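Tertiary structure, described
Residues per chain are reported as follows:
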Amino acid sequence: MASSTASISDPEAWKDLKGHVEDIKKTHLRDLMTDANRCQSMMMEFDGLLLDYSRQRATVETVDKLLNLAKAAQLTEKISRMFNGEHINSTENRSVLHVALRAPKDAVIKADGKNVVPEVWNVLDKIKEFSEKIRSGSWVGATGKPLKDVIAIGIGGSFLGPLFVHTALQTDPEALESAKGRQLRFLANIDPVDVARNINGLNPETTLVVVVSKTFTTAETMLNARTLREWITAALGASAVAKHMVAVSTNLALVEKFGIDPNNAFAFWDWVGGRYSVCSAVGVLPLSLQYGFSVVEKFLKGASSIDQHFQSTPIEKNIPVLLGLLSVWNVSFLGYPARAILPHSQALEKFAPHIQQVSMESNGKGVSIDGLPLPFETGEIDFGEPGTNGQHSFYQLIHQGRVIPCDFIGIVKSQQPVYLKGEVVSNHDELMSNFFAQPDALAYGKTPEQLQKENVSENLIPHKTFSGNRPSLSLLLPELTAYNVGQLLAIYEHRVAVQGFVWGINSFDQWGVELGKVLATHVRKQLHSSRTQGTTLEGFNYSTTTLLKRYLETSSEPQM
Ligand code: F6P
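What you see is a predicted model; the values in this text were computed from it and never measured.

1. Section: the site of the ligand
The immediate surroundings of the ligand are formed by 14 residues, with Ser-158, Ser-213, Thr-215, Thr-218 and Glu-361 found nearest. Contacts to the ligand include Ser-158, whose side-chain N or O atom sits 2.6 Å from an oxygen atom. Out of a free accessible area of 390 Å², the ligand has 86% covered by protein chains. Partitioning the shell around the ligand into residue classes produces two nonpolar, nine polar and three charged.

2. Side note on the sheet that holds strand β1 (residues 43–46)
Two pairing modes exist for strands in a sheet, parallel and antiparallel, and in both the strands are linked by backbone hydrogen bonds. The strand order across the open sheet formed by six strands is β1-β2-β13-β12-β10-β11, and the pairing between neighbours is mixed. The sheet terminates laterally at β1 and β11 (381–383), the two strands that pair on one side only. Direction aside, the axes of adjacent strands within the sheet are offset by 15 degrees on average. As paired elements, β1 and strand β2 (residues 49–52) share four bridges and run antiparallel to each other. Residue pairing across strands places Met-44 opposite Leu-51, the latter belonging to β2. Each of β12 (406–413) and β13 (472–479) is contacted by helix α18 (residues 427–444), which is oriented at about 150 degrees to β12, the strand it contacts most.

3. Some words on empty space enclosed by the protein
For the structure on display, the rule yields three cavities of 30 Å³ or more. Considered as a void within the structure, the largest cavity measures approximately 50 Å³ in volume. Lining the largest cavity, in full, are Leu-101, Val-120, Val-123, Leu-124, Ile-127, Ala-267, Trp-269, Cys-279, Ser-280 and Ala-281. Looking at which element gives the most residues to the lining of the largest cavity, the answer is helix α6 (residues 117–136), with four residues.

4. Considering helix α5 (residues 75–83)
Residues Leu-75, Lys-78, Ile-79, Arg-81, Met-82 and Phe-83 constitute the buried set of α5. Contacts made by the buried residues of α5 are with α4 (60–72), α14 (293–312), α15 (319–333) and α21 (482–503). Two residues or fewer past α5, Gly-85 is found with a positive phi of approximately 80 degrees.

5. Remarks on unusual backbone geometry
In this chain, Gly-387 is followed by Thr-388 through a cis amide linkage whose omega measures 5 degrees. Mapped onto the fold, Thr-388 is located in the loop between β11 and α17 (395–400). One non-glycine residue, Phe-216, lies in positive phi territory at about 60 degrees. Examined against the element boundaries, Phe-216 turns out to sit in the loop between β7 (207–212) and α10 (219–236). Positive phi, normally seen in glycine, also occurs at Asn-469, with a value near 65 degrees. Tracing the backbone shows Asn-469 in the loop between α20 (461–464) and β13.

What counts as what
Residues numbered from 1 in each chain as written. Predicted model: local features only at pLDDT ≥ 70, side-chain atom pairs only at ≥ 80, totals over all residues. Heavy atoms only, no water. Near = heavy atom within 4 Å. Polar contact = N/O pair within 3.5 Å; in protein donor to acceptor, adjacent residues only side chain to side chain. Areas by Shrake-Rupley, 256 points an atom, 1.4 Å probe, with all protein chains shown as cover. Nonpolar A, V, L, I, M, F, W, Y, C, P; charged D, E, K, R; others polar. Pairing = 2+ DSSP bridges. Helix = DSSP H or I, 4+ residues; strand = E, 2+ residues; numbered from the N terminus. Axes fitted to C-alpha atoms, helices over the stretch in contact; angles between N-to-C directions. Contact = heavy atoms within 4.5 Å. 1 Å grid on protein atoms, 1.4 Å probe; cavity = no way out; pocket = protein on both sides within 12 Å on 5 of 7 lines; lining within 4 Å. Points joined across faces, edges and corners; volume = space filled by probe spheres on them. Buried < 20%, exposed > 50% of the residue type's maximum accessible area, 1.4 Å probe, protein only.

So, in structure tokens, the structure goes:
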């Protein structure tokens, strides 16, 4: 990326927004919401989606100033560089081309001068063929039985995205129908409890294990893969691995070394970041095994629709751009460090955990892309629960405690509508009543005067007062099909990129995850030598020594 050593906080556009904060502090959403023209300008529609950001603490002027900031940050140019395959992930010297994973067959997207779309489709075609063989029963296990259950082993980006999409599709009528008689499970945690839960009730004879790891070196994934290899070979013999284990990786040499037939490996490329890999074989293979390729193809098409919008729509009408700019406004100017992701859909219960990685691993950085300390903080703390569960959990804090900008995500048509005769509304209408009410409760609050009029006793008035003026945005999806799930994913992926582009950081590396892994290696060595040779603890501080000592003395882990 053509980067400059100047911080984005230097240009006038940043200073202008800093000054503007004082104007906004004088406003209340209660008043801003009375301006119909303002509200109308803060509605955006694209491909069936409706975004309403009128409950952000922003005026039309704020949005103009944010667009100026985008220009100062050369946002449009940075987006183009991403789509053009430039090595914008400069610390790893890589292109960032997850958009190529869902591009139409005839698209041309180049990395290092080469069109990568044909390679993408070679792998997609291979997945289609393989998943059809498994699903039809023409590929059978070592004892001749069809493989109806799949355990996908992987962690981080090799887990969270596929889990989110799987969870979202589970009750979609079309996906549900095509998954009949099949199970898809995910093994991520190195905790042996996760292994036990995954294999519980499954028969190795009818199980296919998909090992998903970009690097094929991740400690958790490799130990879990060896554990399930043992589970299979103990029951069916060593030769069963060829029929019961396949892999998804960029490191095909290590896949072969592990003992998986390279013909049963599904490649992806170093220009796909782990947390941006759900549209590669990482997600497409397990999801196609469960739902069939045609359903997954719809998911890719939904993501691609947003990619095209993101690439070609002017910034003032560009949904991921506007969302990203508003997040920058909330974090860097209004000083709100967190963001709540509140899908009003049980099917989206794994959306927030996925976005936690996409957002926090991407934008939780301490230096600029040039390696200079940042004069401001980046990233936000993402968390969330589906509505209405969240209401009965942490909404107290977001209504009367801390100010946390909220993303309300609603679905017009339920995947599984229920209407009970005699009820006031259908079950989905009941859910959606909350989707429509909560943003106003946050924005308007409730004043002591209103409470007095309701004859609330004086001593309770302070407790029942809601200050309001708490920002949120609402995103309404027409339904939750595979296509819409793809749209939602791409909106958030690009929003995170926009934030990083504006902050001037590298949103595509993740050096911050390394140190803990290195320290765990020292501990692993120590545990091994203490357990097998009784070696005394060495090289740890007082605290870790005490904890390790207690662990070694009181645990009864098997000795090697
Ligand atoms: O958590 C660090 C990380 O490198 C993530 O970025 C990645 O998604 C995850 O580990 C898993 O990596 P791999 O797919 O190489 O096993």
